[in-house]
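So you can see what is in the structure, the chains are spelled out below.
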Amino acid sequence: DTGVSQDPRHKITKRGQNVTFRCDPISEHNRLYWYRQTLGQGPEFLTYFQNEAQLEKSRLLSDRFSAERPKGSFSTLEIQRTEQGDSAMYLCASSYYNEQFFGPGTRLTVL
Amino acid sequence: ELKVEQNPLFLSMQEGKNYTIYCNYSTTSDRLYWYRQDPGKSLESLFVLLSNGAVKQEGRLMASLDTKARLSTLHITAAVHDLSATYFCAVDKGDTGNQFYFGTGTSLTVIP
């Protein structure tokens, strides 16, 4: 499968725990994006990378959120000290030009 | 901040009918995208519109872009049940590295 992949697909955690999600983009894509989608809403942009450089992170929801893309390949999104309001679908997308291709998402539930 | 509004938010239509979904946005952009999302699934790219007057068609769906009016439309022709899904438009300001701003989505149900 040559599409965007995300792992895990589902994560249940207790409030206060840290979680990390992984995204593997389409191999030739140099841009990688993270979005959050809550029920009944459109995806909300969080951050993006061009190769290994994180070019926009001002829209990360709080300082509890951080992302990395070492070596410009896969990326991780970490949420520290999770809160119930963090429960959502976290989507990763990648692109080479304009069109973004989305992965299946990681559904996070914070108890 | 760029705002993207879709209407209607919910649409129930009978098979065989035609309808149009509208996407308005609040700032200048000439790049607009349409996506489809099935329940519990990720987003599937439908159309990429990159200039004023762009029109794309795929099967029973046709999308257009009017950058002067800041409006895109997604027209459904002779709807079939398989088109039931949520449709999102997304606008790219262009100066922010393809940072997409999504509309709230239109939930379409096609009734047999």
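These numbers come from a predicted model, not from an experiment.

Chemist: I tried to follow the packing of aromatic side chains on my own but got confused; where do I start?
Modeler: Both the distance between ring centres and the angle between the ring planes are used here to describe each pair of aromatic rings. Residues and elements named next belong to chain A. Summed over the entire model, instances satisfying the criterion amount to 14 aromatic pairs over all chains. Plain terms: the ring middles of F45 and Y48 are 6.5 Å apart, the flat faces sit at 55° to each other, and that makes the pair tilted. Like Y48, F45 is buried. The ring centre of F74 lies 3.9 Å from the NZ or CZ of R22, which sits over that ring.

Chemist: How should the interface of chain A and chain B be read in this particular structure?
Modeler: Much of the literature gives interface size as the accessible area that the parts lose upon coming together. With 20 residues of chain A at the contact, the number on the chain B side is 20 residues. Both sides of the chain A and chain B interface together cover about 1600 Å² of buried area, and 48% of this is carbon and sulfur. On the chain A side of the interface with chain B, the three residues burying the most area are R59, N98 and F102 of chain A, jointly 32% of the side's total. Put simply, chain A and chain B have zero salt bridges between them. The set of elements that each furnish at least two residues to the side of chain A that touches chain B consists of strand 4 (31–37) and strand 5 (44–50) of chain A. The element best represented in the side of chain A that touches chain B is strand 4 of chain A, accounting for four residues.

Chemist: Hey, could you run me through the nonpolar core in this one?
Modeler: Nonpolar side chains in soluble globular proteins tend to be buried together. Residue and element names in this part refer to chain B. Core analysis: the biggest nonpolar cluster contains 26 residues, and V4, L32, W34, L74, I76, Y87 and L108 have the highest contact counts within it. Sorting the residues of this core by element identifies strand 2 (10–14), strand 3 (19–25), strand 4 (32–37), strand 5 (43–49), strand 7 (61–66), strand 8 (71–76), strand 9 (85–92) and strand 11 (106–111) as the ones contributing at least two each. Looking at this core element by element, the count peaks at four residues for strand 9.

Chemist: Just to check I follow, could you spell out the pairing of strand 2 of chain B for this structure?
Modeler: A regular strand places its side chains on the two faces of the sheet in alternate fashion. All names here are of chain B. What you see with strand 2 is a clean split: L11 and M13 sit on the buried side and F10, S12 and Q14 on the side with no burial. As paired elements, strand 2 and strand 11 share five bridges and run parallel to each other. Residue Q14 lies in a different strand from strand 11, and its bridge partner there is I111.

Chemist: Honestly, the state of the cysteines in this entry has me stumped. Any pointers?
Modeler: Simply put, the disulfide is a covalent bond whose two ends are the sulfur atoms of two cysteines. Taken as a whole and judged by the stated rule, the model has two disulfides over all chains. A sulfur-sulfur distance of 1.8 Å marks the disulfide that ties C23 of chain A to C92 of chain A. Taking the sign of the S-S torsion, -65° for the link of C23 of chain A and C92 of chain A, the bridge is left-handed. You can see C23 of chain A sitting in strand 3 (residues 19–24) and its partner C92 of chain A sitting in strand 9 (residues 88–95), a full 69 residues away along the chain. Of the two residues, C23 of chain A and C92 of chain A, both sit in the buried class. With a sulfur-sulfur separation of 2.0 Å, C23 of chain B is cross-linked through a disulfide to C89 of chain B. Measuring the twist about the S-S bond at about 80°, one finds the C23 of chain B-C89 of chain B disulfide to be right-handed.

Calculation rules
Residues numbered from 1 in each chain as written. Chains lettered and ligands numbered in written order. Predicted model: local features only at pLDDT ≥ 70, side-chain atom pairs only at ≥ 80, totals over all residues. Heavy atoms only, no water. Phe/Tyr/Trp six-rings, centres within 6.5 Å; stacked < 30°, edge-to-face > 60°. Buried < 20%, exposed > 50% of the residue type's maximum accessible area, 1.4 Å probe, protein only. Lys NZ or Arg CZ within 6 Å of the ring centre and 35° of its normal. Contact = heavy atoms within 4.5 Å. Buried area = accessible area lost by both parts, 1.4 Å probe. Salt bridge = Lys/Arg side-chain N within 4 Å of Asp/Glu carboxyl O. Helix = DSSP H or I, 4+ residues; strand = E, 2+ residues; numbered from the N terminus. Core = buried A, V, L, I, M, F, W, Y, C linked by side-chain atoms within 4.5 Å. Pairing = 2+ DSSP bridges. Disulfide = S-S within 2.5 Å.

Taken by themselves, the reported measurements are silent on function.
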